[in-house]
Every structure is written in C-alpha cells, then in structure tokens.
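The chain contents come next:
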Amino acid sequence: MSRLRGWSAVALAVFTAAWGGNEFTPLLVMYRQTDHVSGVVVDALLFTYVLGIVPALLVGGPLSDRFGRRPLMLPAPLFAALGSALLAAGANSVPLLAIGRVCSGIAIGLAMAVGGSWIKELSDRDGAGVTAGARRAALSLTAGFGLGAGVAALLAQWAPWPNQLAYLINIAMSTVAFVLLLPIPETQTGTREGRLRDDLSIPSVRKPAFWLQVAPAAPWVFGTCAVAYAVIPALLTPHTDGWQIVFAGICCVVGLTAGFFVQTLGRRIDRPGSPRAMVVALVLVAVGMLLAAYSAQILTIPMGLIAAAVLGTGYGMTLISGLLATQRLAGPNDLAGLTAVFYGLTYLGFASPAILSWLHQSYGFGYPAMLTFGAVVALVGLVVVLLAPRRAPVAAPLGSGRFHEEDVLERAPASS
C-alpha cells in the first residue's frame, strides 16, 4: 500500500488542480446572467487563466529539475484552494474572479509541468511499466478536467449556493491532497550545475520549423475548446432556459470525450517527416468552425452538440499532432521547455471568446460570420503547414533524454 500511496497521492493533487482549473468553464453562462458583468468581461475571465498557466509551465519544470519535485509541487494544491476560495468569494467582484483564475492557472501549470514528472518517477521506482507513469498522469488530468466541469455544472444549476458550492468542494479536495503529499519522497535528488538562467533557456524555440509546422495550429487546441465550451452554450442560452449551465457542462463533456478518443486515431495517422496528421487536425478545426457557424445561424441544440463534438476532435488532433511534432523538433535537453512553449501557445486560444464577444458588441459582427472567418484562418494555417520545409526524420540517440512518442501521447491532457 505504501508504494501505491506514493504515486496516487501526487495523482490526486494533479486531479484536484485540473478539477479546479476547469470547474469555472461551464459557469460562464451563470456569470453572464448577472447585471454587473458584461459578456466580454466574462469571456476575458476565461483567458486570465493563461496568465497563471504559462509562467508555471515555463519555469516549473526547469526549477523542479534543479530543486526537486516536492518544493514545486507542494504549492499546487494550495494555489488550487486559494483560486477556488477567491472564485467563491468573488461572485460579485471581477477583480477577485480574475485573481482566482490566475491562481487556478498556476496550480494546473505546476501540476502539468511537475506533477507528471513526479508521478512517472515514483511509478518507475515502484517497478511499473515503462508508460505507466505517463498514463497515470494523463488519466489524472483527464478525469479532473472532465469531472470538474460536469460536477460544477450540476451543482451550479440545481444545488444550493450556486456561486460557492462547487468551489468549496475543490477547497476540501485540495486540503486533502496537500496533506497526502507531505510524506511523499523526493525523486529528483541530483543537483544541477551551472546557472539557473541556462536551465530556463530553450534553444529549439529558435528553429523556424517550430513556428511554421507547429505554431500555426497550436492556438486552435484550446481555441476549439473555447468555442465549444463558451461560445456555443452562450448562443443557445435562450433555448436551454432552466438547464443552461448543465448544457454548458454537457458541451464540455462532449468535446472532451471526442478529443480523448480521437487521439488514438491521431497517433496512427502521424508519420515522422509528413504533415498529414497536422493537415487532418486543421481540416477538422475548419469543419468544426463551419458547423459552429451554422449552429450560430439556426440555434438548435442538436447542431450545437454536433459542432461541439467536431470541435473536440479538432482539439484532440491538433494537440496530439502538435505534441509529436514538438518532440521531434526539440533538442536532447530542452524537450520539456519546448513542450511548455507549445502549451503556452495552445492556451492563447482561450482568448477567442472574449475577442468574438468584443467584436460583436463593438462592431456588430455576427457570430456566424466570425466563426466562418475562423474556419478560413484555420485553412490559412493549413497552407503554411503544407508549405513549411521538412527534413527527413532522424531517430533520437539512446540516452538522449528524449521521450518516446508513446510517452508524449500519454502525457497529453484532455482539456483545461
């Protein structure tokens, strides 16, 4: 039992951070119904999450390599609890909601950058299979993202204290996770030599191939999610009266499920040196955006769910193809750093609902036209990916520190 308790305690902390990160998403509909918060501000609150995630991703992994996993992972459940507390207290305060979202972002950034490594190392120490640690980390993230959104939607719709109860549950979970983490042994015992700034450098980010083959698709990873989770439920609110928050949660679950299952297909389509996986991903994004535009035009629940499902497949394919391409482009010592840059670009997609809402309110652009334009942008990215120069794939040498593709696939989160 002691062996099981080691990795499972860290997995619970990762699960808790993911829960806290995604519990806010289906509640966007609830916050839009308040008189003092505009739709643009509510959608911007979704994006403030990124202000916590990106720094935590970029510095969490390198700092944990130097100082150990425990010092960097122990704060994660504390940030998750703080974020949920601020969100619970900030129902009528935009600044509190924004700070709470940033804290939740820091928690999930640390969980992704540090928690996954700690779970893998604890699993390896216990003699588990070579991909067991990565699989456990991915499952923890996926379960947290999905259950956090689903439970929060149900509680906010039909339970008492709709503005607080979901967040209070996450605070309790975070407290338990922090206590269980305290006795877990450190696995990163080596000391890094040289300057800290050298640990934070990412030489591979200067490769043009990364910006031509990967970057054009990266913001669509969570851009598609944001449209499925935030835009479609908001547009269909008049048609889901009495269960609009639950409908937003259903859109989350539908998109996550589609994205989760399409990842297996994405792995089979992917070929080193070929853009075909990314091509399929961007085609799915374009189709999903067109279906979202049609859904915005006819405003029916079935079409909204179909659009959310196809957008979810676009999310899953862009995530997997982007991660695998990032792995091949990374140097022997900066895979974690380049992966963090990739994730940072993916989270920029959460700005899309706020941008669309601002354009709609300020200039009167209709959602069908804007979503159709999004499909055109995805196709432009597709052209860039197709025209990007490529080299023949070179196998990574043994002992280079590079992850196997199976590990990259297993580490892919389902959403945020």
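Every value quoted in this text rests on a predicted model; they were computed, and no experiment measured them.

Rules used in this analysis
Residues numbered from 1 in each chain as written. Predicted model: local features only at pLDDT ≥ 70, side-chain atom pairs only at ≥ 80, totals over all residues. Heavy atoms only, no water. Helix = DSSP H or I, 4+ residues; strand = E, 2+ residues; numbered from the N terminus. Rg over C-alpha atoms; globule rule 2.2 N^0.38 Å. Contact = heavy atoms within 4.5 Å. Phe/Tyr/Trp six-rings, centres within 6.5 Å; stacked < 30°, edge-to-face > 60°. Buried < 20%, exposed > 50% of the residue type's maximum accessible area, 1.4 Å probe, protein only. Salt bridge = Lys/Arg side-chain N within 4 Å of Asp/Glu carboxyl O. Axes fitted to C-alpha atoms, helices over the stretch in contact; angles between N-to-C directions. Parallel < 35°, antiparallel > 145°, perpendicular 65-115°, else oblique. Nonpolar A, V, L, I, M, F, W, Y, C, P; charged D, E, K, R; others polar. Domains from an automatic or database assignment. Buried area = accessible area lost by both parts, 1.4 Å probe. Polar contact = N/O pair within 3.5 Å; in protein donor to acceptor, adjacent residues only side chain to side chain. Patch = residues over 30% accessible without salt bridge, like charges linked within 9 Å, V, L, I, M, F, W, Y side chains within 5 Å. Areas by Shrake-Rupley, 256 points an atom, 1.4 Å probe, with all protein chains shown as cover. Expected span 1.5 Å × (residues − 1). Core = buried A, V, L, I, M, F, W, Y, C linked by side-chain atoms within 4.5 Å.

1. Quick look at the overall build of the chain
Item 1. Of the regular secondary structure elements, the chain holds 18 helices and zero strands.
Item 2. The C-alpha atoms of the chain give a radius of gyration of 20 Å, which matches the 22 Å a tight globule of 416 residues would have.
Item 3. A principal-axis box enclosing the C-alpha atoms of the chain has dimensions of 55 × 50 × 35 Å.
Item 4. Here the contacts in the chain between residues at least 6 apart in sequence split such that 84% fall between residues at least 24 apart.

2. Concerning the packing of aromatic side chains
Item 1. Scanning all chains against the criterion turns up 14 aromatic pairs.
Item 2. Aromatic side chains Tyr49 and Phe350 sit 6.2 Å apart centroid to centroid with 75° between the ring planes, which places their arrangement in the edge-to-face category. Of this pair, Tyr49 sits in helix H3 (residues 39-67) while Phe350 sits in the loop between helix H15 (335-347) and helix H16 (352-363), and the two are 301 residues apart along the sequence.
Item 3. Among the aromatic residues, those joined into a cluster by ring pairs are Tyr49, Phe222, Tyr315, Tyr347 and Phe350.

3. Here we look at unusual backbone geometry
Item 1. The phi torsion at Trp161 lies on the positive side, around 55°, for a residue other than glycine.
Item 2. Topologically, Trp161 is positioned in the loop between helix H7 (132-158) and helix H8 (165-181).
Item 3. On the basis of relative accessibility, which here comes to 55%, the residue Trp161 falls in the exposed class.
Item 4. We note that Leu299 has phi near 55°; this positive angle belongs to a residue other than glycine.
Item 5. With respect to the element layout, Leu299 can be found in the loop between helix H13 (276-298) and helix H14 (301-329).
Item 6. By relative accessible area, Leu299 is classed as partly exposed at 27%.

4. Re the pattern of salt bridges
Item 1. Tallied over the entire structure, the rule returns four salt bridges.
Item 2. Note that Arg69 and Glu121 form a salt bridge whose closest N and O atoms lie 2.5 Å from each other. Here Glu121 lies in helix H6 (residues 94-125) and Arg69 lies in helix H4 (residues 69-73), a separation of 52 residues in the sequence.
Item 3. Its relative accessible area of 4% is what places Arg69 among the buried residues.

5. A closer look at the packing of helix H11 (residues 220-235) against H13
Item 1. Orientation of H11 relative to H13, taken along the N-to-C sense of each, is 10°, at an axis distance of 11 Å. By the angle class used here, H11 and H13 are roughly parallel. Counted together, Trp220, Thr224, Val227, Ile232 and Leu235 of H11 and Leu282, Val285, Met289, Ala292 and Ala296 of H13 form the full contact between these two elements.
Item 2. Across the contact of H11 with H13, the residue classes break down as nine nonpolar, one polar and no charged.

6. What to know about the domain arrangement of the chain
Item 1. Once the domains are mapped, the chain shows domain 1 (1-182) and domain 2 (203-390).
Item 2. Domain 1 and domain 2 are separated by 22 Å when their C-alpha centres are compared.
Item 3. At the interface, 31 residues of domain 1 touch 29 residues of domain 2.
Item 4. Area buried by domain 1 at its contact with domain 2 is led by Val29, Val40 and Gln157, which between them contribute 21% of it.
Item 5. Linking domain 1 with domain 2 are five residue pairs in polar contact (both at pLDDT 80 or more).
Item 6. Elements supplying a minimum of two residues to the side of domain 1 that touches domain 2: helix H2 (28-32), H3 and H7.
Item 7. Ranked by the residues each element gives to the side of domain 1 that touches domain 2, the list is headed by H3, at 12 residues.
Item 8. In the side of domain 1 that touches domain 2, the residues fall into 22 nonpolar, seven polar and two charged.

7. Considerations on a nonpolar patch on the surface
Item 1. Taken together, the side chains of Phe373, Val376, Val377 and Val380 define a hydrophobic patch exposed on the protein surface, amounting to about 360 Å² of accessible area.
Item 2. If you trace the backbone, Val380 turns up in helix H17 (residues 367-387).

8. So, the environment of Ser357
Item 1. Topologically, Ser357 is positioned in helix H16.
Item 2. Classification of Ser357 by relative accessible area gives buried; the value is 5%.
Item 3. For the pair Ser357 and Gly337, spaced 20 residues apart in sequence, the C-alpha to C-alpha distance is 33 Å.

9. Focus: H13
Item 1. Its 23 residues place the ends of H13 33 Å apart at the C-alpha level, agreeing with the 33 Å of an ideal helix rising 1.5 Å per residue.
Item 2. Note on H13: the residue one or two positions beyond its end, Leu299, has a positive phi of about 55°.

10. Focus: the nonpolar core
Item 1. Membership of the largest hydrophobic core comes to 116 residues, with the highest contact counts inside it found for Met73, Ile108, Phe342 and Tyr347.
Item 2. Both domains that furnish three or more residues to this core are identified here as domain 1 (1-182) and domain 2 (203-390).
Item 3. Of all hydrophobic cores here, the second largest spans five residues; its members include Val262, Ile269, Ala281 and Met317.

11. Focus: the side chain of Ser64
Item 1. Relative to the elements of secondary structure, Ser64 occurs in helix H3.
Item 2. A relative accessible area of 0% places Ser64 in the buried class.
Item 3. A distance of 2.8 Å separates a polar atom in the side chain of Ser64 from the backbone oxygen of Gly61.
Item 4. Setting aside its immediate chain neighbours within four residues, Ser64 contacts Arg69, Leu72, Val114 and Gln188.

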